[in-house]
Protein chains: 2
Amino acid sequence: MRPTVHDIAAEAGVSLATVDRVLNGRPGVRRQTVDKVEAAVSRLGYVRDVTAANLARKRVYPLVFIVPGGPNSFLQNLTAEITAAAQRSSIERTSIRIETVPPFDPGAIVSVLDAIDPKTVSGVGLVATDTADVTGAVDRLVEQGVPVVTLVSDLPGSQRIHYCGIDNIAAGRTAASLIGRFCAGRPGNVLVVAGSMKLSDHAERASGFAAVLEAEFPELGLIGPVETNDDAGTVRRSVEAALAAGPEIVAIYNLGAGNRGLIEALAAHKGKLSAVVAHEVTQHSRQALADGVFDAVLNQDCGHEVRSAIRVLKARADGLDLLTAQERIRIDVFLRDNLP
Amino acid sequence: MRPTVHDIAAEAGVSLATVDRVLNGRPGVRRQTVDKVEAAVSRLGYVRDVTAANLARKRVYPLVFIVPGGPNSFLQNLTAEITAAAQRSSIERTSIRIETVPPFDPGAIVSVLDAIDPKTVSGVGLVATDTADVTGAVDRLVEQGVPVVTLVSDLPGSQRIHYCGIDNIAAGRTAASLIGRFCAGRPGNVLVVAGSMKLSDHAERASGFAAVLEAEFPELGLIGPVETNDDAGTVRRSVEAALAAGPEIVAIYNLGAGNRGLIEALAAHKGKLSAVVAHEVTQHSRQALADGVFDAVLNQDCGHEVRSAIRVLKARADGLDLLTAQERIRIDVFLRDNLP
DNA sequence: CTGTTAGCGCATTCAG
DNA sequence: CTGAATGCGCTAACAG
């Protein structure tokens, strides 16, 4: 039978209230008494029953998620997952508010961040552009005691307490390996398409990709990355232009969004490329994989990311530690054959 | 504010005890009264607070896990994950017992299964050989009301309530795709090495692999599967023999364990194969990937499998439903570049 | 500075 | 068949 606050109280020779004060680090207890209680705690190996505590406290965790809106299918999925989590709120003791901001608009993110009241919010999750003003706003919030986690794309220089997303350098490296192996020695160029180098996930993928391509597949040259702001139309035009331009392109890596545009551009090039790799399983990329237009799709499980973000934020809110293994977001590699 | 049992009692005009009886499906309540309570429940949208219920009930979930022992690194990892979960027992209200049985010994599994007392155990997880006697023992247990889940390898014909593991047909298909693409048209044969066709996971991988190889890569012939009982020494000898035998082997797929033996056999064949694919990230396979001896390793996250098994068993024990997305075990595809 | 007491939402005796 | 009362482990007024 694990010890309870009663056992601690008896062991330390004090009352329940005092034990509670010490346990929760509240003031108004003599140094001596604190020591007695702490001694009892460690002597009996006491661990607080968080569920009982939450019950007594009627605790809820008010959380805010900031996500860019727009046509990006992946971000729409992410939003849907947050919504799904919000629907489980009553059972998970959360209270989730979703703030949609215009895409590629650091100012909008900053506004939302600055408007958050540290008294009434116990955690924030956001998909951020890696710019100084956003970092500043995040740091301000963290200093006020509100834990912040980044989703999908990290804010490397910031005080965010956790990043819920994949290792994007490794993702870029993986893409390069797949493309290099699929090309199997055939020389030529690889076109790299990105959304924006202001997104740290895109920048990291690009650098990981370039590193492996150069080191391990010298027969392949690199064209790009061309930036498209994740707009499908721009992606289509960029790819068409590159394909028409001449220097033989044998593979394409789209490390950003706008897969729809890529698919359209490839319609006229059936089977001419050795490898096409893109990111995120969506309606479009799934179809492209099935049709053999894409050869591989790297993916991050946004449901997992959202659940992880919530766990991390809750754990931090009551000073618990977590299972790091459970919070690692995998780089899913999907071929036509292992699509879920 | 979500409704509580008090609200239901007031709404239905009965006492707390009666509400509780209806909620927990206990007998001794008039049909009329049951209806009144149920009406109130659905009218107010009541959902039971499981944590409060567990507190009041001092509930613990006694779980039994049955895992084969022996030198198999993957199974050792699995056991370690179960042990880790057992250490979290007090906070998760579980009480976990691990039963180690000799590998490839259906009889031993059956003995353990039959010795389980349905009164004192609320769930069972096992790594099973797909044989009739094991299926029978599982079904007996389920019929006595003890939920059983399979880990790693399923028991397709049984009454197990859930399978915590990857889609092994898809895994085999994925391996074939990778090997086919890595060979990039070079003709030759692929050697398939398996542990035992009595393990449904091995059988399924083999069939998925063969199907894709035949349909999509006609230039590649298939040799095997040779069975090794997951013994590293046998793997080594089998691979060496096949490699020496003549018919040009350009790739190897080890869909079972014993990677150590495969690595040893390949030491003399550096760089002669177009592709080597194996399963499960362990100390050995990780090194082989880093060294370029293996080109890809398919993996199942056994930590995830164990946590999932526990969630599923607990949820079943109190009639809750679960997030299916969270319980899907992914086929991890690891190249040298995305090893965690 | 410390102790007493009354719940949180639910389950479970024990009477009636 | 039904209800009142007690307690699970913990927190939070409110006294002292």
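In short, a report on the structure. All figures in this text were calculated on a predicted structure; none of them were measured in a lab.

Scanning the entire structure with this criterion turns up three aromatic pairs over all chains. Their ring planes at 50° and their centres at 6.0 Å tell us that A:F182 and B:F182 sit as a pair that is tilted. Within this pair, whereas A:F182 is found in helix α9 (residues 168-183), its partner B:F182 is found in helix α9 (residues 168-183), the two belonging to separate chains. Classification of B:F182 as buried rests on a relative accessible area of 5%.

What follows deals with the protein's contact with DNA strand D. Close contacts around DNA strand D come from 27 residues, with A:V5, A:D20, A:Y46, B:R21 and B:T33 the closest. Per the 4 Å cut-off to the protein, sugar and phosphate atoms form 68% of the nearby atoms of DNA strand D. One of the backbone N or O atoms of B:S15 is found 2.9 Å from a phosphate oxygen in DNA strand D. Only α2 (16-23) and α4 (50-57) of chain A together with α2 (16-23) and α4 (50-57) of chain B provide two or more residues apiece to the surface near DNA strand D. Top element by residues in the surface near DNA strand D is α4(A). It accounts for four residues.

With an RMSD of 0.1 Å, chain A superimposes on chain B once it is rotated by 180° and translated 0.0 Å along the axis. Look at the turn and shift together and you get a two-fold axis relating the two.

We now examine the sheet that holds strand β7 (residues 220-227) of chain B. Note: strands within a sheet are paired through backbone hydrogen bonds, in either parallel or antiparallel orientation. All names here are of chain B. Pairing is mixed across the open sheet formed by six strands, whose spatial order is β7-β6-β8-β9-β10-β11. In this open sheet, the two edge strands, each paired with only one partner strand, are β7 and β11 (332-334). Taken pair by pair, the neighbouring strands of this sheet meet at an average axis angle of 20°, ignoring direction. As paired elements, strand β9 (residues 275-279) and strand β10 (residues 296-299) share three bridges and run parallel to each other.

Our next topic: unusual backbone geometry. Each neighbour pair has its own omega, and for A:G224 with A:P225 the value is 0°, a cis peptide bond. By the element assignment, A:P225 lies in strand β7 (residues 220-227). For A:R93, which is not glycine, the phi dihedral falls at a positive 60°. With respect to the element layout, A:R93 can be found in the loop between α6 (89-92) and β2 (94-101). For A:R93, a relative accessible area of 17% translates into the label buried. Not every positive phi belongs to a glycine, and B:E280 is a case in point at roughly 75°. Examined against the element boundaries, B:E280 turns out to sit in the loop between β9 and α13 (283-290).

Conventions adopted
- Every chain's residues receive numbers from 1 upward, in the order its sequence appears when written.
- Labels are handed out in written order, letters beginning with A for the chains and numbers beginning with 1 for the ligands.
- Residues qualify for local features only when their pLDDT is at least 70, as the model is predicted, and side-chain atom pairs are given and counted only at 80 or more; totals for whole chains, interfaces and linings, by contrast, use all residues.
- Here the side-chain values reflect all heavy atoms present in the structure, with hydrogen atoms and water set aside.
- Each Phe, Tyr or Trp ring, with Trp reduced to its six-membered ring, pairs with another whose centre is within 6.5 Å; inter-plane angles below 30 degrees give stacked pairs, above 60 give edge-to-face pairs, and intermediate values give tilted ones.
- Here a helix means four or more residues in a row that DSSP labels H or I, a strand means two or more in a row labelled E, and each is numbered from the N terminus.
- Under the scheme applied here, a residue whose accessible area is under 20% of the maximum for its type counts as buried, over 50% as exposed, and between as partly exposed, the area being computed with a 1.4 Å probe on protein chains only.
- By convention in this text, a residue qualifies as near a molecule or strand provided that one of its non-hydrogen atoms is within 4 Å of it.
- Throughout this description, a polar contact denotes any pair of N or O atoms lying within 3.5 Å of each other; where both atoms belong to protein, one of them has to be capable of donating a hydrogen while the other can accept it, and for residues adjacent in sequence the pair is counted only when both atoms sit in side chains.
- Superposition of the copies was done by least squares, using only C-alpha atoms of residues whose pLDDT is at least 70 in both.
- For two strands to be treated as a pair, DSSP must find no fewer than two bridges joining them.
- Axis lines are fitted to C-alpha atoms, over the contacting stretch for helices. Their N-to-C directions set the angle, which ranges from 0 to 180 degrees.

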